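Structural features, examined
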Amino acid sequence: PEELAYIAGSSQPEATYDSEAHALAWALPVLLPDAPQSFRFALTPRETLTAGEHLVANVASTNLDSSSFDSEPAEVVVSVPFFAIQKKAGRPVVELGDLVDYEITLQNLSPGDSLLAVRVEDRLPFGFGYIKGTARLDGVKLDPDSLGAQGLAWRFSGLAAGETRKLSYRLVVGVGAEAGDRTNVAVATAVTASGVAASAGPARAQVQIRPNLFARG
């Protein structure tokens with residue numbers, strides 16, 4: 001298939017590769033009755049293959065004297081990763097009691113494939129707390145599920161081909177937060193239209209908690 005590149009030296013038994021025809025050939029001196037012959041080789045997606053899912057078909061041909069026989073197409077779905085996630089904090093330095101806005105950007109990089117049943121999980125730094133009612137998906141309120149004291153999760157229907165969606169929310173730096181760099185981590189999962197699981201991340205956003213205010217009298 002033109003979408004895939006042959007991995008040199010992977011054929012068993014050894015084959016002749018014609019780069020112009022993009023074909024492998026094996027020559028058998030004899031094929032005995034009731035003695036099937038197997039051929040193995042490895043292919044990899046070409047670097048130029050666009051993000052998304054590609055249905056690829058491969059056909060084998062056998063030539064015997066003046067006769068030729070073709071196999072049924074062997075089909076496989078080749079998936080080039082197309083689910084991406086980014087995360088950022090609204091401010092790099094915070095103090096105890098401050099509010100911090102976060103934004104998660106989710107992208108479907110495929111020009112023709114959709115992503116369904118999207119789930120986003122975010123693990124919060126210790127001592128940070130979610131401010132109820134602040135979560136928005138593209139500006140529309142979307143309350144998260146709790147994953148315990150330090151976790152949030154959101155679910156939504158999906159991402160159309162080429163679509164970008166933004167999830168935002170606000171945290172408070174609570175009394176349990178310690179001075180230093182604090183990072184929260186987001187990951188996302190989805191299902192492609194063909195039923196293949198897709199994932200994105202982890203995406204990280206770091207803020208620094210200034211230590212001097214902890215010493216105020």
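Higher on the page you've got the structure.
Given the structure is predicted, the values throughout are model-derived calculations rather than measurements. (Residues numbered from 1 in each chain as written. Predicted model: local features only at pLDDT ≥ 70, side-chain atom pairs only at ≥ 80, totals over all residues. Heavy atoms only, no water.)

Moving on: the pairing of strand 17 (residues 151-159). With respect to burial, strand 17 is a largely interior element, seven of its nine residues being buried. Here strand 12 (residues 115-123) runs beside strand 17; their pairing, made up of eight bridges, is antiparallel. Within the sheet, the bridge partner assigned to Asp-122 lies in strand 17 and is Leu-152. Two strands pair when backbone bridges link them, and strand 16 (residues 145-146) and strand 17 are joined in this way by two bridges, in the antiparallel orientation. Looking at the pairing, Asp-145 lines up with Ala-153 of strand 17. Between the end of strand 16 and the start of strand 17, which pair antiparallel, lie four residues, with Gly-148 showing a positive phi angle near 95 degrees. (Buried < 20%, exposed > 50% of the residue type's maximum accessible area, 1.4 Å probe, protein only. Helix = DSSP H or I, 4+ residues; strand = E, 2+ residues; numbered from the N terminus. Pairing = 2+ DSSP bridges.)

Of all hydrophobic cores here, the largest spans 35 residues; its most connected members are Phe-83, Leu-106, Val-120, Phe-128 and Tyr-169. When residues of this core are assigned to their parent elements, the largest contribution, six residues, is made by strand 20 (residues 197-209). Non-local contacts of Leu-106, meaning those with residues more than four positions away in its chain, are made with Phe-83, Ala-84, Ile-85, Val-120, Phe-156, Leu-159, Glu-163, Thr-164, Arg-165 and Ala-188. The next biggest cluster of nonpolar side chains, apart from the first, holds five residues, and it includes Leu-4, Leu-49, Val-56 and Val-78. (Core = buried A, V, L, I, M, F, W, Y, C linked by side-chain atoms within 4.5 Å. Contact = heavy atoms within 4.5 Å.)

Let's shift gears to the sheet that holds strand 10 (residues 93-94). Taken together, six strands build an open sheet; the order of strands is 10-20-19-12-17-16 and the sheet is mixed. Every other strand in the sheet has two partners, leaving strand 10 and strand 16 as the edge strands with one partner each.

Let us now look at the pattern of salt bridges. Taken as a whole and judged by the stated rule, the model has nine salt bridges. With its nearest N and O atoms 2.8 Å apart, the salt bridge here joins Arg-165 to Asp-138. One end of the pair, Arg-165, is in strand 18 (residues 164-173); the other, Asp-138, is in the loop between strand 14 (136-137) and strand 15 (140-141), and 27 residues separate them in sequence. Given a relative accessible area of 41%, Asp-138 falls into the partly exposed group. Of the charged contacts, one joins Glu-178 and Arg-182 as a salt bridge, the two residues approaching to 4.0 Å between their closest N and O atoms. In this structure Glu-178 comes out as exposed when scored by relative accessible area, which is 54%. One continuous salt-bridge network, built from bridges that share partners, spans Lys-88, Glu-103 and Lys-166. (Salt bridge = Lys/Arg side-chain N within 4 Å of Asp/Glu carboxyl O.)

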